[in-house]
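# Residue-level structure breakdown
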Amino acid sequence: MPGTWLFLILVTLSVLGYIMGHRKAVSVSGGSNRVMHSLLPYHGWNVGLATFLAGLFVMVVAALGRALMGVADGNNIALSVLTLAGACAAFYVTHARIERGYRARDGVEKMIRVILILASSIAILTTIGLVLSMLFEARNFFGQYPWTRFFFGTNWAPNFRGDSDLGMLPLLWGTLYVSFIALMVAVPVGLFAAIYLAEYAGPKLRAVAKPLLEVLAGIPTIVYGLFALITVGPILRDVFAIPMGLGESASSVATAGLVMGIMLIPFVSSLSDDIINAVPQAMRDGSFGLGATKSETIKKVVIPAALPGIVGAILLAASRAIGETMIVVMGAGAAARLSLNPFEAMTTVTVKIVSQLTGDTDFASPETLVAFALGITLFVITLGLNVLALIIVRTYREQYE
Amino acid sequence: MTDVTAAPASPARKTTSLYEVSARTRRRNAAEKRFRFYGLSAVLLGLMALIVLLSSILSQGMPAFRQTYVVMDVELRADKLDKNGNRDPADMAKLTTFAVAPLIKQATQTVATELGSDIEGLTDKMVGAMISKEAPGQLLRFVRANPELIGTTQSFEFLANGRIDGYFKGRVTHESAEMDNNISVQQLDLADAMVAEGMMETRFNWAFLTAPDASDQRPEAAGLGVAILGSLYMMMVVLCLALPIGVASSIYLEEFAPQNWLTDIIEVNISNLAAVPSIVFGILGLAIFINFAHLPQSAPIVGGLVLTLMTLPTIIISTRAALKSVPPSIADAALGLGASKMQTVFHHILPLAMPGILTGAIIGLAQALGETAPLLLIGMVAFVREYPAAPPEGLFDPATALPVQVYNWTQRSDPAFFERASGAIIVLLVFLVLMNTLAIILRRRFERRW
């Protein structure tokens, strides 16, 4: 990779800049820190950093310019020459300016500040990149496929020879159905676990049970996927689906939903636990004073007070469930269906994003591009849920502080 | 007046005593007990789910760490391997697995006549099928490495076929063999005889950790070598990019950022990015790093970049918490002695916050190690048999990653791959446990409470 070499040369040049800057500072000051404005190493840092940043700046601008002008490859020499010229110019200028009164530290601090700001702006750049990359391709998709048929179509039948039906509704239905089952598992268990750990459990049980429950959140989703595929799926099929005559598929909405529910338990429980603990003790004491039992206090006082926070936690869990990929890829199946039977294989938005974008893909056909439209739909839904959760939690916080 | 006389006369009013529990109190106490029981059972349910999950993966995956080998003598016949008789390495390089296959066949036939004479219906073909299809390749590599041994008889250890291997792990039984086209009862009987003769043994499977992936036909040869290396490369990229960028970004936001709309936007952005589904990052990687920047598909560098963007919010959030926990008196003291703001941060606050920062970074890294979905989209599901070169060039070579390898194996038809997938999960979990233990140790040993 020529880019790697260029980078290494740039780094070497910067190190050289540090050494030469430091040397010149030593010779100007005669080895004494006192006569200079800045400590001697700062003069070295000043030259080195300026060299590095100038080179990097030129390199990035030139590479971006080249990419935007559509020149795919070639012309690496011009880029390297430009970069090194920029670096050398900065080297020369900063090195020449070293003298007794020169404020090298101010220069260094300004440059570090620029680096810090650049690092923080990567978060914004990521979001912009996310939105733009999906919008751009989704626009191509909607140029080839009417948006009404995508958003309101009830049939999903991609056909790589063209003329496919790409209605999103079956996928959305599968997503919502799986998420619903997952929440049906996670919310009662998580909430009751949180209540028990916060209100009833002694410190010993709490010290053991809380971290263990949180281990569930740290297990990678691929592990849950495999669990769904080789353990839960066959058990559900043999115990419920076949005896009840509801289907013969090991991968089903119920499988994925149940396993996803287990994954979400710690999300609901640890968020709710924090919120329940934040309810002031005085409110509980008031309720006890009026003769309520502990469970009555929890039901009538603590939960209502913590409700906005709990709803926020549930919304966050829901957004997690909707965006979850590996469990549904391995547990829910691949057939797009609008059905109420939980033991039937259904598919979700995320599964179809994976299946349309893996393997041989042709970035001109709507069958591939539809993944970007699905992606941005997913992004908007989860973002909406997150923002809603954030707003609810924030409003709640103000009440008790 | 009537009130006073009427009250005691009312027979409806029952006197109650505190010593005797009324029906209503009993009901309320029962409700209390029930509620408490629900809570406890929810906690136990969660813990049970954890135990079932882990024990199911462990019990399914442990057999992957054991492997059955066949020990047999193979005569390296010169007339097959070296027709010219000159032991020329150039000629050796031209040899194909077709040339060595007859040698193995001959060796298996010898075994069959020795041990299988009293097994009814045992054919030569069945005996040959008991050895992995990987064996000719193994023999060929040996011949190329040791041309001087041609003409002698050498003892070899070949992998047993996946079904035979499964027989010794309880996955294949005589009953299931009768319905399976790929294995016969006669083969199992011969395998038992071979074990009794010491020609077949099951032992720890190092190759599972070092060998590359193998094709659909030979689950017994599939290993995690390339996947572990690929994951390692990606973690290197994540560590080299996410840690400095995350720390720089947190320092700016925590110590320098003015209170304005730009800072607000950055902060909201970071908390939102932390909640964006991981698959969306995969779409970003595909669209920007592969389609726009033309980086190679399946390369650890692309995976590393995508995971870096995913891990950044985690690292930023934990780093900010660590920076915040350093008491302001330390910064005040440094500033009071004439240090600049930058010197205060880099000489005093940052070193004190370092244990917390590293803990957060390790936890973020552990998260990235287990992430699968975005890697599927950037082509890391590909079948890769070559080890990537050493970095930095190796970062651009195709590779897979541990969790993706698991997914890959679950998509194959042979059930032996499910065992491998569970085994790979165990390897993944061991890495995660190690990383989290390191994080806990760092926190316990070095974090200071002020």
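Let us look at the overall build of chain B. A count of helical and extended segments in chain B gives 20 helices and three strands. Against the globule reference of 22 Å for 450 residues, chain B gives a C-alpha radius of gyration of 33 Å, more extended than a compact globule. If you line up chain B on its principal axes, its C-alpha atoms span 125 × 80 × 40 Å. The buried share among the 450 residues of chain B stands at 43%. Residue pairs at least 24 apart in sequence account for 78% of intrachain contacts in chain B once pairs closer than 6 positions are excluded.

The accessible area lost on association of the parts is a frequent measure of interface size. Residues and elements named next belong to chain A. What the domain assignment reports for chain A is domain 1 (2-141) and domain 2 (165-400). In this structure, domain 1 and domain 2 have C-alpha centres spaced 46 Å apart. The interface is formed by seven residues belonging to domain 1 together with eight residues belonging to domain 2. Tallied by class, residues from the side of domain 1 that touches domain 2 come to five nonpolar, one polar and one charged.

Residues and elements named next belong to chain B. In terms of strand pairing, strand β1 (residues 66-75) meets strand β3 (residues 200-204) through five bridges, oriented antiparallel. Of the residues in β3, the one forming a bridge with Tyr69 is Glu201. Where β1 and strand β2 (residues 153-159) come together, seven bridges link them in antiparallel fashion. Its bridge partner being in β2, Met72 is matched across the sheet by Phe156.

All names here are of chain B. With respect to topology, three strands assemble into an open sheet ordered β2-β1-β3, the strand pairing being antiparallel. Of all the strands in the sheet, just β2 and β3 have a single pairing partner and so form its edges. Neighbour to neighbour, the strand axes of the sheet diverge by 35° on average, direction disregarded.

This part is about the packing of helix α5 (residues 97-115) of chain B against helix α7 (residues 135-145) of chain B. All names here are of chain B. Close contact between α5 and α7 brings their axes to 9 Å; oriented N to C, the two are set at 105°. It follows from the interaxial angle that α5 and α7 lie roughly perpendicular. Across the interface between the two elements, Thr97, Val100, Ala101, Leu103 and Ile104 from α5 touch Ala135, Pro136, Gly137, Leu139, Leu140 and Val143 from α7. Among the residues forming the contact of α5 with α7, the class breakdown is nine nonpolar, two polar and no charged.

Before going further, it helps to examine the domain arrangement of chain B. Residues and elements named next belong to chain B. Here the domain parsing of chain B yields domain 1 (64-205) and domain 2 (225-446). A separation of 45 Å is found between the C-alpha centroids of domain 1 and domain 2. On the side of domain 2, seven residues touch domain 1, which itself brings five residues to the contact.

Further remarks concern the nonpolar core. Within soluble globular proteins, side chains that are nonpolar tend to cluster in buried spots. Among the nonpolar cores identified, the biggest contains 189 residues, and A:Leu226, A:Val259, A:Val268 and A:Ala317 are the most heavily contacted of them. Counting residues per element, this core draws most heavily on helix α6 (residues 169-200) of chain A, which supplies 19 residues. In this view, A:Leu226 contacts A:Met330, B:Ile57, B:Val406, B:Thr410, B:Ala421, B:Ser422 and B:Ile425; residues no more than four positions away in its chain are not counted. Core analysis: the next-biggest nonpolar cluster, separate from the first, contains 34 residues, B:Ile104, B:Phe168, B:Ala191 and B:Ala214 among them.

This part is about the interface of chain B and chain A. Counting residues at the interface gives 67 residues for chain B, matched by 66 residues for chain A. When residues in the side of chain B that touches chain A are grouped by element, the largest group, 19 residues, is from helix α2 (residues 23-61) of chain B. Considering only residue class, the side of chain B that touches chain A consists of 48 nonpolar, 15 polar and four charged.

Right, let's talk about the packing of helix α19 (residues 402-410) of chain B against helix α20 (residues 416-446) of chain B for a bit. Residue and element names in this part refer to chain B. α20 packs onto α19 with a crossing angle of 165° between their chain directions and a minimal axis gap of 8 Å. Considering their axes alone, α19 and α20 lie roughly antiparallel with respect to each other. In the crossing of α19 with α20, the sense of the turn from one axis to the other is left-handed. For the pair formed by α19 and α20, the contact residues are Leu402, Pro403, Gln405, Val406, Trp409 and Thr410 on the first element and Phe417, Phe418, Arg420, Ala421, Ala424, Ile425, Val427 and Leu428 on the second. Split by residue class, the contact of α19 with α20 holds eleven nonpolar, two polar and one charged.

The next thing to look at is the confidence of the model for chain B. Residues and elements named next belong to chain B. Put simply, chain B has an average pLDDT of 85, and 97% of its residues get 70 or more. For chain B, per-element mean pLDDT is lowest for helix α1 (residues 2-9), which scores 50, and highest for helix α16 (residues 328-336), which scores 94. We note a pTM of 0.88 for the whole complex and an ipTM of 0.89 for its interfaces.

Rules used throughout
- Residues numbered from 1 in each chain as written.
- Chains lettered and ligands numbered in written order.
- Predicted model: local features only at pLDDT ≥ 70, side-chain atom pairs only at ≥ 80, totals over all residues.
- Helix = DSSP H or I, 4+ residues; strand = E, 2+ residues; numbered from the N terminus.
- Rg over C-alpha atoms; globule rule 2.2 N^0.38 Å.
- Buried ≥ 20, exposed ≤ 12 C-beta atoms within 10 Å, placed from the backbone.
- Contact = placed C-beta atoms within 7 Å.
- Domains from an automatic or database assignment.
- Nonpolar A, V, L, I, M, F, W, Y, C, P; charged D, E, K, R; others polar.
- Pairing = 2+ DSSP bridges.
- Axes fitted to C-alpha atoms, helices over the stretch in contact; angles between N-to-C directions.
- Parallel < 35°, antiparallel > 145°, perpendicular 65-115°, else oblique.
- Core = buried A, V, L, I, M, F, W, Y, C linked by C-beta atoms within 7 Å.
- Left-handed = near helix turned anticlockwise from the far one by under 90°.
- pLDDT = per-residue confidence, 0-100.

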